[in-house]
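Observations on the model geometry
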Amino acid sequence: NHRFSAAALGYNSPPVPTTRTTMRATARAQPNIALIKYWGKRDTEQTLPAVGSISITLADLFTTIRVEFDDAFQGDSLVVNDAENAAMLPRVSRCLDAVVGGERAHAAITSKSNFPIAAGLASSASAFAALVVAADVAAQTHHSRERLAGLAGQASGSAARSIYGGFVELANQDDAIALTELCPAAGWPLCVVVAITATGPKAVGSTEAMETSRETSPFYARWVAQQQADLDDAREAIAAKDFARLAAVAEHNCLKMHSVMWASRPPMVYWNATTLECMDAVRRMQSEGVPVFFTIDAGPQLKAVCEPSAVETVRQRLAATPGVEAVMVTGLGGGAGIIDDD
Ligand code: PMV
């Protein structure tokens, strides 16, 4: 959905016609939830992750981003959910430079998400995935999907995975990342119930928190060393559609990541009492034979992954858990793409 409109802008003396060029596109991407987590960068200089990860891309939560380049704009501007956002603008501008090149025209960017942002729901993942796709089409840079994933990943590690749909593996290579769709969303249509236990921005952003863990957590090196085994286990569980096996390794990996955070200095505890109540609710369902497991990211929300047959039970039980403010239910979805915003 890209277009050009060139219009003569007027004539000075001597009359030299100038051309104004506008190029725009709108893209949509969904957040993803890691089942095998990314936590830590390889070193301070690099934006490359220290570990690989495996995620599921969601269907019904999304961020829509419109990028418009115009050589008449005086600077970049960013509007997030109808409000000017100066804080995020430098990161967004850097990402556009990486996609289009530093000589690009200035851009007006508008972003809308249909779910709470900055609360451990990976809003940066869907935002940067949508941003690189929209910028690529608007500026006609024609990057490959893998390159777009790499560019999104430089802005937010987890964003690389939201370029793709279903079950996605991000593997570490020497000086790059490689993305693989392990199974499409329709191939194993699991459901996710997100229990919102608190809204509002999180205490410590993940970029800073990861660095604190790398520098201070006595468990960090073990975490990195063990990741390959968890990735292998999860990949095999997905290939076999073995829910119990995936549940076991995903919960283990999640709790291991949080152990790294808890043992950091200063400690980072993203859970609240309701997060623990939700974990307990999932445990009780599991003991009753309900096919469900939990995962938790850098925020207090609990994400319960379940088989479609269990989604109503899981939704009701989490909604009835004391302290839960709201629940959101979604299936798995496809990757980032251009939409028509006319
Ligand atoms: O992409 P970032 O920098 O926001 O980091 C994401 C970190 C976790 O959500 C906790 C784990 C993951 O793999 O998504």
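Quick caveat: nothing in here was measured; it's all calculated off a predicted structure. (Residues numbered from 1 in each chain as written. Predicted model: local features only at pLDDT ≥ 70, side-chain atom pairs only at ≥ 80, totals over all residues. Heavy atoms only, no water.)

Quick look at the site of the ligand now. Taken together, 14 residues lie around the ligand, and Tyr38, Ser156, Ser158, Arg161 and Ser206 are the ones closest in. At a separation of 3.0 Å, an oxygen atom of the ligand approaches a polar side-chain atom of Ser156. Out of a free accessible area of 380 Å², the ligand has 92% covered by protein chains. By residue class, the composition of the shell around the ligand is six nonpolar, five polar and three charged. (Near = heavy atom within 4 Å. Polar contact = N/O pair within 3.5 Å; in protein donor to acceptor, adjacent residues only side chain to side chain. Areas by Shrake-Rupley, 256 points an atom, 1.4 Å probe, with all protein chains shown as cover. Nonpolar A, V, L, I, M, F, W, Y, C, P; charged D, E, K, R; others polar.)

Moving on, we get to unusual backbone geometry. Of note, the bond from Arg265 into Pro266 is cis; its omega dihedral lies within 30 degrees of zero at 0 degrees. With respect to the element layout, Pro266 can be found in the loop between helix H6 (243-262) and helix H7 (273-287). Unlike most non-glycine residues, Gln140 shows phi in positive territory, near 55 degrees. With respect to the element layout, Gln140 can be found in the loop between helix H2 (123-138) and helix H3 (145-155). Taking the relative accessible area as the measure of exposure, Gln140 reaches 31% and is therefore partly exposed. Of note in this structure, His142 is not a glycine but carries a positive phi near 55 degrees. Its place among the elements puts His142 in the loop between H2 and H3. We classify His142 as exposed; its relative accessible area is 65%. (Helix = DSSP H or I, 4+ residues; strand = E, 2+ residues; numbered from the N terminus. Buried < 20%, exposed > 50% of the residue type's maximum accessible area, 1.4 Å probe, protein only.)

Further remarks concern the packing of helix H5 (residues 220-239) against H6. H6 packs onto H5 with a crossing angle of 165 degrees between their chain directions and a minimal axis gap of 9 Å. As summarised for this structure, H5 and H6 are arranged roughly antiparallel, according to the angle between their axes. Every pair of crossing elements has a handedness; the one defined by H5 and H6 is left-handed. Counted together, Tyr220, Trp223, Gln226, Gln227, Asp230, Asp233, Ala234, Glu236, Ala237 and Ile238 of H5 and Arg245, Leu246, Val249, His252, Asn253, Lys256, Met257 and Val260 of H6 form the full contact between these two elements. When the residues that make up the contact of H5 with H6 are grouped by side-chain class, the tally is nine nonpolar, four polar and five charged. (Axes fitted to C-alpha atoms, helices over the stretch in contact; angles between N-to-C directions. Parallel < 35°, antiparallel > 145°, perpendicular 65-115°, else oblique. Left-handed = near helix turned anticlockwise from the far one by under 90°. Contact = heavy atoms within 4.5 Å.)

All quantities given are derived from atomic positions and should not be read as evidence of function.
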